[in-house]
Each structure stands twice: as structure tokens, then as C-alpha cells.
Amino acid sequence: MDSGYRLAVVGATGAVGTKMIEMLEQTTLPIKEVKLLASKRSAGKTAVFNGKELVIEELVPDSFEGIDIALFSAGGGISKQFAPEAVKRGAVVVDNTSHFRMDPEVPLVVPEVNKEALKKHKGIIANPNCSTIQMMVALEPIRQKAGLERVIVSTYQAVSGAGASAIKELEEQTQAYLNGTPKEELTAEILPCSGDKKHYPLAFNALPQIDVFAEEGYTYEEWKMINETKKIMEDDAIKVSATCVRIPVASGHSESVYIETKEALTVADIRTLMENAPGVVLEDDPSQQIYPQALNSIGKKETFVGRIRKDVDVDNGFHLWVVSDNLLKGAAWNSVQIAETLHEMDLVRV
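What you see is a predicted model, and the numbers here were worked out from it, not measured in a lab. Each chain has its residues counted from 1, following the order in which its sequence is written. Under the rules for a predicted model, residues below a pLDDT of 70 receive no local features and side-chain atom pairs below 80 are neither given nor counted, while totals for whole chains, interfaces and linings still include all residues. Excluding hydrogens and water, the side-chain figures rest on all heavy atoms present in the structure.

Asker: Got a sec to walk through the nonpolar core? Specific residues and values, please.
Answerer: The biggest cluster of nonpolar side chains holds 55 residues, and the ones touching the most others in it are Phe64, Phe72, Leu139, Ile142, Val151 and Ile259. We count a stretch as a helix when DSSP gives it H or I for four or more residues in a row; a strand needs E for two or more, and each element gets its number in order from the N terminus. When residues in this core are grouped by element, the largest group, eight residues, is from helix α4 (residues 130-146). Ile259 has contacts with Leu139, Ile142, Leu148, Arg150, Val151, Asn316, Gly317, Phe318 and Leu320, leaving out every residue within four places of it along the chain. By size, the runner-up hydrophobic cluster in this structure holds 36 residues, among which are Ile21, Ala38, Phe49 and Ala117. Here, nonpolar core refers to any group of buried Ala, Val, Leu, Ile, Met, Phe, Trp, Tyr and Cys residues whose side-chain atoms link them within 4.5 Å. Exposure classes here rest on a 1.4 Å probe applied to the protein chains alone. A residue is buried below 20% of its type maximum, exposed above 50%, and partly exposed in between. By the convention used here, residues are in contact when the closest approach between their heavy atoms is within 4.5 Å.

This is the structure we're talking about:
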């Protein structure tokens, strides 16, 4: 397509939407036009794309007339209402919310892992949960080499995953505590989950709840990781369990991942697989205290893997530490990568 695509970013003023705009400035995707869409409240504001000031427009169904690819990151309710309207008008939707992820008719895609699933799209492609994405990037080379029997993941998730307002709340709590406010008097209105009954401060704390609690005592975030992992791997038999924790870090999700492989591997084998894996950077030299850190991942598109160890008791058991910028690879960059891959595979309907 020599003249380039017309793209829309839905939720252009949000934490992920602004990162989508940044990633589109760096993409190899041929772009003719970018339209920025948001709520009526944000309409009229401006944002800069490739040095040009663009006016943000109010999101309505007709916003998608002439649009080829629409990147959504404005909440599940907005995606439910407007993604079908975009498809109806000929656009391919890449949705960053959880609304379509487990829909059997919608591919759930991490380009380094299962780009072939894009061939089955019917107008909508789902972007997985941020924590699922980085784990899949790290585990897929191991799965391809030796198979996977079991995955147990504990996440240490940054507050940016809860939005800009949560970041502000953490900053205010931190400053208040450092100024001498007793911990009992710290104000909390958002975390651990804005939709739940109680709220707790995150400053100098760790909250073992992301999203509301659901079946079996797991939160929806934990169920997302479990179910999405099985869908992406197309393996309902794999054993997956997750514990998701919010920590007082601005950006960059960290994960402690325990795996059991079907076939024998060594630590050296896994290091070699990580060195050659697309989208992975190996940082694993304990003798020099080299390992992935959330702070170092900010602004980077890759997934960082280190602390690779064999379990001392379980044959074929291994531990990994996996880190990535949750706003980039966990959201905006993966969405743009999907768009790039659709172009490369000639799967954009125009």
C-alpha cells in the first residue's frame, strides 16, 4: 500500500494512548494519516505526532470512516461499543482492553509468539494482558524447544498499570509519608482496585490484589494470566497459576516465573534460547550482579530475562526473572507490532 494507512488511536489522552502515539512515530508501518480520538471531555485538546499538532476528536461511530487500522485503549466498555462500529466501516481493530481477549472468534496475539493466529482475524485482534505478554515472550522459545508442563508466576506490577491517577495517588502518598503523615492517615481512593470496596495506600507497601477477587480466591488479573496463557499457547492442559502483586514502582513490571519442562534442559540451554529469542534481552550474570531491573526497562521495547536457575528439588524445574515496560511491550508497543505484522502478512482489509 504505497500511500500508507489511515490509523485511529482511541483513548489518545490516556497513559497507553499517549505511548501508542510515540510508538507510531517509530514504526515501520506506512502511515498516511493518524486520527486521535477520545471522550467528549477531551475533545479539542491537542497532541503532537511527528512534529505536527493534531486536534483530538470526540469518539463517535462515524469517526472510523476511511480508517484502515484502529488502536483501542479506552476501557472495555468503549471497546465493546465502538470496536464493532470500526469493523463495520472497514477498519481492523487492535484492542488493548480485556473485553475481547477470551472471545474464541478473536485472536489473542503476541507477535513474537503466535503471529500466525492473525490469519484467523475477523476484524478484531486482542492485545493480551501486560503481564501475560512479557511472560509469553520469555517462555515461547523454551516451549518450542522442550515443551512446558507447568508455569507458576508471581508478579510485581508497577502502578502505571492502574493508570495516571494511580501514579499521582502513589506520589502524593509517598510525599505525605515522608513529610511525617502517619500511615493510618494516608489517603487512598484508587488502589488496589478502583471498583472494590476498600482502598489501601501503596506507598512503602505491597498489595497482593490487582482487580477484584473472583473464583477460587484468585483475582481477575490472575485469572487473565492463567486463561490467556492457555489460549495463546493453544494448550488447555498446561498447568498455570498466578499471584499478582502491585508494588510502589512507577513503570516496569517484574515477574518471578517458575516452569517445569516436558523434556530435559540445562540452564545453559535456556540462556542460549534467550540470547536468540526475538524481543528478548538476556541479562544474567550473577557474578557481576547483572539482572533485569524495572527501572532500566522504562522506555525500552524488549523483554529482559535473568536469574535463570535450576530448581534444587524438581527435575526439569527452572526459575526466571522477567521484566518489561508494561506501557510499551505490555501495551502500546505490542499493539503497534500487531499492526506492523498485519501489514507484513497482508492482512489489513482496505
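Asker: Summarise the packing of α4 against helix α6 (residues 220-233); cite the residues concerned and give the values.
Answerer: Note on definitions: angles span 0 to 180 degrees between N-to-C directions of axes, and those axes are lines fitted to C-alpha atoms, for helices only across the stretch in contact. Between α4 and α6, whose axes approach to 10 Å, the crossing angle comes to 35°. The crossing of α4 and α6 is right-handed. Contact with α4, carried on its side by Ser131, Thr132, Met135, Met136, Leu139 and Arg143, involves Glu221, Lys224, Met225, Glu228, Thr229, Ile232 and Met233 of α6 and no other residues of that element. For this scheme, ten residues count as nonpolar: Ala, Val, Leu, Ile, Met, Phe, Trp, Tyr, Cys and Pro. Four count as charged, namely Asp, Glu, Lys and Arg, and the remainder, Gly too, count as polar. Here the contact of α4 with α6 is composed, by residue class, of six nonpolar, three polar and four charged. Here a crossing is called left-handed whenever its near helix is offset anticlockwise from the far helix by less than a right angle, and right-handed whenever the offset is clockwise.

Asker: Give me the lowdown on the pattern of salt bridges, citing residues and values where you can.
Answerer: Here, a salt bridge means any Lys or Arg side-chain nitrogen found within 4 Å of an Asp or Glu carboxyl oxygen. Here the structure, examined in full by the defined rule, presents 17 salt bridges. Its salt-bridge partner being Glu22, residue Lys19 comes within 3.8 Å of it at the nearest N-O pair. Taken as a pair, Lys19 and Glu22 lie in helix α1 (residues 15-26) at a separation of three residues, close to a single helical turn. Owing to a relative accessible area of 23%, Lys19 belongs among the partly exposed residues under this scheme.

Asker: Could you give me a rundown of the pairing of strand β3 (residues 46-49), with the residues and numbers involved?
Answerer: Successive side chains on a regular strand alternate, one facing one side of the sheet and the next facing the other. Residues Ala47 and Phe49 point to one face of β3 and are all buried, whereas Thr46 and Val48, pointing to the other face, are not buried. Two strands are said to pair when DSSP picks up at least two bridges between them. Here four bridges tie β3 to strand β4 (residues 52-55), and the two strands are oriented antiparallel to one another. If you follow Val48 over to β4, its bridge partner there is Glu53. Where β3 hands over to β4, the hairpin turn is made up of two residues, of which Asn50 adopts a positive phi near 50°.

Asker: Outline the sheet that holds strand β9 (residues 148-157), supporting the account with residue identities and numerical values.
Answerer: Sheet strands pair via backbone hydrogen bonds, and the direction of the pair is either parallel or antiparallel. Strand order in the open sheet made by the six strands is β10-β9-β11-β14-β13-β12, with mixed pairing throughout. One side of each edge strand has no neighbouring strand; the edge strands of this open sheet are β10 (239-246) and β12 (280-282). Looking at each pair of strands side by side, their axes are set apart by 25° on average, direction ignored. By the bridge criterion, eight bridges tie β9 to β10 in an arrangement that is parallel.

Asker: Outline the environment of Arg89, supporting the account with residue identities and numerical values.
Answerer: Along the chain, Arg89 falls in the loop between α2 (76-88) and β7 (92-95). With 22 residues separating them in the primary sequence, Arg89 and Ile67 have C-alpha atoms 7.8 Å apart. Residues contacting Arg89, with those up to four places away along its chain left out, are Pro61, Asp62, Phe64 and Glu65.

Asker: Describe the UniProt feature "binding site: phosphate" (unreviewed entry) in the protein chain, listing the residues and the values that go with them.
Answerer: UniProt positions are given in the numbering used here, feature names are shortened, and annotations may be inferred rather than shown by experiment. UniProt annotation of "binding site: phosphate" (unreviewed entry) refers to Arg101 when read in the numbering used here. Looking at the element boundaries, Arg101 is found in the loop between β7 and α3 (111-114). Look at Arg101 and you get buried, because its relative accessible area is 6%. Arg101 has contacts with Asn96, Val106, Leu108, Ala126, Asn127, Pro128, Asn129, Lys224, Glu228 and Lys231, leaving out every residue within four places of it along the chain. Polar side-chain contacts of Arg101 include one of 3.2 Å to the backbone oxygen of Thr97. In protein, a polar contact requires one atom able to donate a hydrogen and another able to accept it; more generally it is a pair of N or O atoms within 3.5 Å, and residues adjacent in sequence count only if both atoms are side-chain atoms.

Asker: Before we move on, can you summarise the packing of aromatic side chains with the specific residues and values?
Answerer: Stacked, tilted and edge-to-face pairs are distinguished by plane angle, under 30 degrees for stacked and over 60 for edge-to-face with tilted covering the rest, among Phe, Tyr and Trp rings (Trp via its six-membered ring) whose centres lie within 6.5 Å. Summed over the entire model, instances satisfying the criterion amount to four aromatic pairs. Here the aromatic rings of Phe64 and Phe72 are separated by 5.7 Å at their centres, their planes lie at 15°, and the arrangement is stacked. Both residues of the pair, Phe64 and Phe72, count as buried. Taking the centre distance of 5.4 Å and the plane angle of 55° together, the rings of Tyr156 and Trp321 count as tilted. Of this pair, Tyr156 sits in strand β9 while Trp321 sits in strand β14 (residues 317-324); the two residues are 165 residues apart in sequence, bridging distant segments of the chain.

Asker: So, the UniProt feature "active site" (unreviewed entry) in the protein chain: which residues are in play, and what are the values?
Answerer: In the numbering used here, UniProt assigns the feature "active site" (unreviewed entry) to Cys130 and His253. Spanning 124 residues, the named residues nonetheless gather at one spot, since no C-alpha pair among them exceeds 8.3 Å. Inspection of the secondary structure puts Cys130 in helix α4. Under the relative-accessibility criterion, Cys130 is labelled buried at 16%. When near neighbours in sequence (up to four residues on either side) are disregarded, Cys130 contacts His253, Asn326 and Gly330. With respect to the helices and strands, the residue His253 is situated in strand β11 (residues 253-261). Excluding residues that lie within four positions of it along the chain, His253 makes contacts with Cys130, Ser131, Gln134, Tyr156, Gln157, Ala158, Arg246, Val322, Val323, Ser324 and Asn326.

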